[in-house]
Amino acid sequence: MTDEKTAVQGSASNAAAGLPAIDVYNTLSKKKEPFVTVRPGHVGMYLCGPTVYKPSHIGHMVGPVIFDTIKRYLEYSGWQVKWVVNITDVDDKIIAESASRGTTMAQLAAEMTADYLGNLAALGVESIDVMPKATEHIDTIITFIEELIAKGFAYASEGDVYFDVTKDADYGKLTNRSIESTQGEGGSTADRKRSAADFALWKRAKTGEPSWESPWGAGRPGWHIECSAMCRAILGPHFDIHGGGLDLVFPHHENEIAQSESLHDCPMATYWMHNGLMQAAGTPGKVGGRSRDAGASTVEDASAQAATKISKSTGAEPFRNLLQRHRAEVVRVLLLSTHYRSPIHFGEEPLGESSRAMEAFERLFVRYQRIGSSFYTLPCRNRREGDAAVAAAGEEATSLRAKFLAAMDDDFNTAIGIATLFDCVRVVNKFVDQHSIEKNAAPEALAQLHAMMLVIRELTGTLGLFLKEPPTGASGENEATVAKLMELVIEIRARARAAKDFPTADLVRTKLTEAGISLEDRAEGTQWVKK
RNA sequence: GGCUCCGUAGCCAAGUGGCUAAGGCAGCGGAUUGCAAAUCCGCCAUCGUCGGUUCGACUCCGACCGGAGCCUCCA
């Protein structure tokens, strides 16, 4: 398909179906392309999920949050999306880790999958439709390999099966790589392969390893084949979006393309989308990767990388530990504040900054609550409903919404989207100030305020933000006790203020601030907020 | 050595061949407040360096410097 043709047909067919024109950056072409789906109005999307051998860390959360946002935005805009994220539950690393823990591969995989799912839920990633596990698709995988052998693209070798890259005319097209320039897996498997760049589709079992029966003997699938096989089984031979971290482009996605397109004579996915990797703030190197000196080959390299290696030794903590210090919503804001293809600086500093930034939204929601309405129960309108209703929110809100949508239509630019939302917050606060809505609201002003809040609800909803009311801090009976106490303290301070005893009033406020509680004096009375 | 990508204010981070280079954090000044907090208003960058193309570049090209990812396993 040529770009020119696709562009014209794309915008035309989207418009005909009442869908907006969206551009998507495609790793395959290295440029933005108009978004045209295989089936009009429908999107098939696949994201490479985790290998479940250790608790997931922040790096594992990037892709899910980004593609969750993309799915939300596409559905908001009128597409129907089917999103698949696989779980790799058979792999060398799982086998090694389970052996060292004295448990089984299945048991370890189940535990780590639960950990992963818990983290996703905390982050509001709830829109995954299918989560296939490799071990539940062994038959699918074997069939796929048999077809590849039958077509001459793969060969069995002493119980292993390899993909023959020399048979694939355009091997390397995703990463602009030649067969000669790739080393492939070395070690003991090297002499069973015809070319170094050939990769395993099926690995024969060593004694004691988990294995499945196959036409080539007992063994297990290679790393890349499960994605090809499960993609076809669930989304068909040609679907729309295939995503993953930038570190997966080679060899994983290159090899998926080789497997699927050799067999099917059609593109595997129209758009290949890759998210940037996490980097520990202030230090070079991504979070959670292997140490960079693994491939050091020259003397100069070794000395240049020494500093890097030390800084990387911190590693990445399990995400669930991080959640004890930071709300998941803060993480989500941080991830979406950077364009998805850029690396993200991650650490306590950036998290703290995101947290402070995000509170501007929540303060507005609290303000809205004081005016008498709950933000969290407002309906998230879809794009058409929003188009029809936005005028009531006034000119500024209308143009900010248009800016937000234009940014998201342009390769899901959530960074501009969030920036625009900050503008919305300022516009609404100003509106509330100017119309003295907190004192005596005119019905028309109140109506416009609600319309504006509905716009913020609509747009933040597409990012998966502010969908749930934040936790209030203390819980249950404690909360009630604290509330009573605060009521008393505030009452005493109010009397001091009435008597112009400001030293006493200020003492109360200062001490509370030190204790992490800030007081806000307003016309209607004093409010307290736990920081 | 090969293949990608990046270098924008104190920090984080968008963006564009030519209108005032988004937004956030921090900071400063003002309105408001008993004083604060919150909110609002205002201030705070010439875009790594050096060349080139162009009427005009931060935006295109080249070189250089610095940083990141990939080239067996990694989200």
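Residues take numbers from 1 onward in each chain, read along the sequence in its written order. Following the order in which they are written, the chains are lettered starting with A and the ligands numbered starting with 1. In view of the model being predicted, local features appear only for residues whose pLDDT reaches at least 70, and side-chain atom pairs are presented and counted only at 80 or more, with totals across whole chains, interfaces and linings using the full set of residues. Processing note: side-chain calculations cover all non-hydrogen atoms of the structure and skip hydrogens and water entirely.

Caption draft 1: Representation of the sheet that holds strand β10 (residues 269-275) within the structure. Should DSSP find at least two bridges between two strands, the strands are regarded as paired. Think of it this way: any DSSP run of H or I at least four residues long counts as a helix, any run of E at least two long counts as a strand, and we number them from the N terminus. With respect to topology, four strands assemble into an open sheet ordered β4-β3-β9-β10, the strand pairing being parallel. Each edge of the open sheet is held by one strand with a lone partner, namely β4 (80-85) and β10. Averaged over all pairs of adjacent strands, the angle between their axes in this sheet comes to 20 degrees, without regard to strand direction. Two elements, strand β3 (residues 42-47) and strand β9 (residues 239-245), share three bridges in a ladder whose sense is parallel. Considered in β9, the bridge of Met-45 is made with Ile-241. Of the strands in this sheet, β3, β4, β9 and β10 touch helix α2 (residues 58-76), which is tilted by about 165 degrees from β4. Interaxial angle, 0 to 180 degrees, is taken between N-to-C directions of lines fitted to C-alpha atoms, where a helix line uses only the stretch in contact. Residue contacts are counted whenever heavy atoms from the two residues lie within 4.5 Å of one another.

Caption draft 2: Spotlight on the packing of aromatic side chains. Any two of the Phe, Tyr and Trp rings considered here, Trp counted by its six-membered ring, make a pair once their centres fall within 6.5 Å; the pair's planes then place it as stacked at under 30 degrees, edge-to-face at over 60, or tilted in between. Under the defined criterion, the tally for this structure stands at 15 aromatic pairs. For the pair Phe-35 and Trp-79, a centre-to-centre distance of 5.3 Å together with 70 degrees between the ring planes defines the contact as edge-to-face. Here Trp-79 lies in the loop between α2 and β4 and Phe-35 lies in the loop between β2 (31-34) and β3, a separation of 44 residues in the sequence. The exposure classification of Phe-35 matches that of Trp-79, with both residues buried. When the centroid spacing of 6.0 Å and the interplanar angle of 35 degrees are considered together, the rings of Tyr-155 and Tyr-162 count as tilted. The rule is simple: take the accessible area with a 1.4 Å probe, protein chains only, and divide by the maximum for that residue type; under 20% is buried, over 50% is exposed, in between is partly exposed.

Caption draft 3: Region of interest: the nonpolar core. For this analysis, a nonpolar core means a set of buried residues of the types Ala, Val, Leu, Ile, Met, Phe, Trp, Tyr and Cys, connected via side-chain atoms within 4.5 Å. Core analysis: the largest hydrophobic core is formed by 92 residues, its most contacted members being Phe-35, Phe-67, Leu-74, Ile-241, Phe-365, Phe-375 and Met-453. By residue number, the principal contributor to this core is α2, which donates 10 residues. Excluding anything up to four places from it in sequence, Phe-375 contacts Phe-365, Tyr-368, Met-453, Ile-456, Arg-457, Thr-460 and Phe-466. Grouped together as the second largest cluster of nonpolar side chains are 21 residues, Phe-144, Phe-153, Ala-154 and Tyr-171 included.

Caption draft 4: Quick look at the packing of helix α10 (residues 328-336) against helix α11 (residues 348-371). Where α10 meets α11, the closest approach of the two axes is 9 Å, and the angle between their N-to-C directions is 100 degrees. Overall, the two elements α10 and α11 adopt an arrangement that is roughly perpendicular. Of the residues in α11, those in contact with Glu-329, Val-330, Val-331, Val-333 and Leu-334 of α10 are Pro-350, Leu-351, Ser-354, Ser-355 and Met-358. Just so you know the grouping, Ala, Val, Leu, Ile, Met, Phe, Trp, Tyr, Cys and Pro go in nonpolar, Asp, Glu, Lys and Arg go in charged, and all remaining residues, Gly too, go in polar. Along the lines of polarity and charge, the residues of the contact of α10 with α11 split into seven nonpolar, two polar and one charged. Roughly parallel refers to an angle under 35 degrees, roughly antiparallel to one over 145, roughly perpendicular to one between 65 and 115, and oblique to any angle outside these ranges.

Caption draft 5: Structural view of the side chain of Asp-240. Here Asp-240 shows up in strand β9. Only four residue types enter the tally: Lys and Arg on the positive side, Asp and Glu on the negative side; His and the chain ends are excluded. Take a side-chain nitrogen of Lys or Arg and a carboxyl oxygen of Asp or Glu: if they are within 4 Å of each other, that pair is a salt bridge. In this structure Asp-240 is buried but unpaired, with Arg-39 as the nearest side chain of opposite charge at 8.0 Å. A distance of 2.7 Å separates a polar atom in the side chain of Asp-240 from the backbone nitrogen of Val-38. Dropping the residues within four chain positions of it, Asp-240 is found in contact with Val-36, Thr-37, Val-38, His-42, Val-43, Gly-44, Ala-269, Thr-270 and Tyr-271. Any pair of nitrogen or oxygen atoms within 3.5 Å is treated as a polar contact; in protein, a donor-acceptor pairing is required on top of that, and neighbouring residues in sequence qualify only through side-chain atoms on both sides.

Caption draft 6: Representation of the environment of Gly-243 in the model. Tracing the backbone shows Gly-243 in strand β9. Residue Gly-243 is classed as buried on the basis of its relative accessible area of 0%. Sequence separation of Gly-243 and Thr-37 is 206 residues, and the distance between their C-alpha atoms is 15 Å. With near-sequence residues (within four places) excluded, Gly-243 lies in contact with Tyr-46, Leu-47, Cys-48, Phe-67, His-253 and Met-273.

Caption draft 7: Representation of a nonpolar patch on the surface within the structure. Like-charged residues within 9 Å of one another, or nonpolar side chains (Val, Leu, Ile, Met, Phe, Trp, Tyr) within 5 Å, are grouped into patches, provided each residue has over 30% relative accessible area and no salt bridge. For accessible areas, the Shrake-Rupley method is used with a probe of radius 1.4 Å. Any residue's cover is judged against the shown protein chains and nothing else. A cluster of nonpolar residues, Leu-485, Leu-488 and Ile-492, forms a patch on the protein surface that exposes about 290 Å² of accessible area. Looking at where Ile-492 falls in the secondary structure, it is placed in helix α16 (residues 476-498). By relative accessible area, Ile-492 is classed as partly exposed at 48%.

Caption draft 8: Quick look at the confidence of the model for chain A. A residue-level look at chain A finds 90% of positions with pLDDT of 70 or above and a mean pLDDT of 89. Taken as a whole, residues 1-5 scores under 50 in pLDDT and shows three contacts with residues more than four places along the chain or in a different chain. pLDDT under 50 marks residues 290-314. Its contacts with residues more than four places away, or in other chains, come to 14 contacts. In the model output, the complex is listed with pTM 0.92 alongside ipTM 0.95. A residue's pLDDT is the predictor's confidence in that residue, given on a scale from 0 to 100.

Caption draft 9: Structural view of the pattern of salt bridges. Using the criterion set out here, one finds 41 salt bridges in the structure. Between Lys-206 and Glu-209 there is a salt bridge, with its nearest N and O atoms 3.8 Å apart. Residue classification places Lys-206 among the exposed residues on the basis of a relative accessible area of 57%. We classify Glu-209 as buried; its relative accessible area is 17%.

Caption draft 10: Seen up close, the packing of helix α13 (residues 395-409) against helix α15 (residues 443-462). At a closest axis distance of 10 Å, the pairing of α13 and α15 adopts a crossing angle of 10 degrees. With respect to their mutual orientation, α13 and α15 come out roughly parallel. On α15, the residues that touch Ala-397, Arg-401, Phe-404 and Leu-405 of α13 are Met-452, Val-455, Glu-458, Leu-459 and Thr-462. Looking at the contact of α13 with α15 residue by residue, the classes come out as six nonpolar, one polar and two charged.

Caption draft 11: Quick peek at the pairing of strand β14 (residues 525-530). Pairing between strand β13 (residues 517-522) and β14: six bridges, direction antiparallel. Note that in β14 the partner of Ser-518 across the bridge is Val-529. In this antiparallel pair of consecutive strands, β13 and β14, the connection spans two residues.

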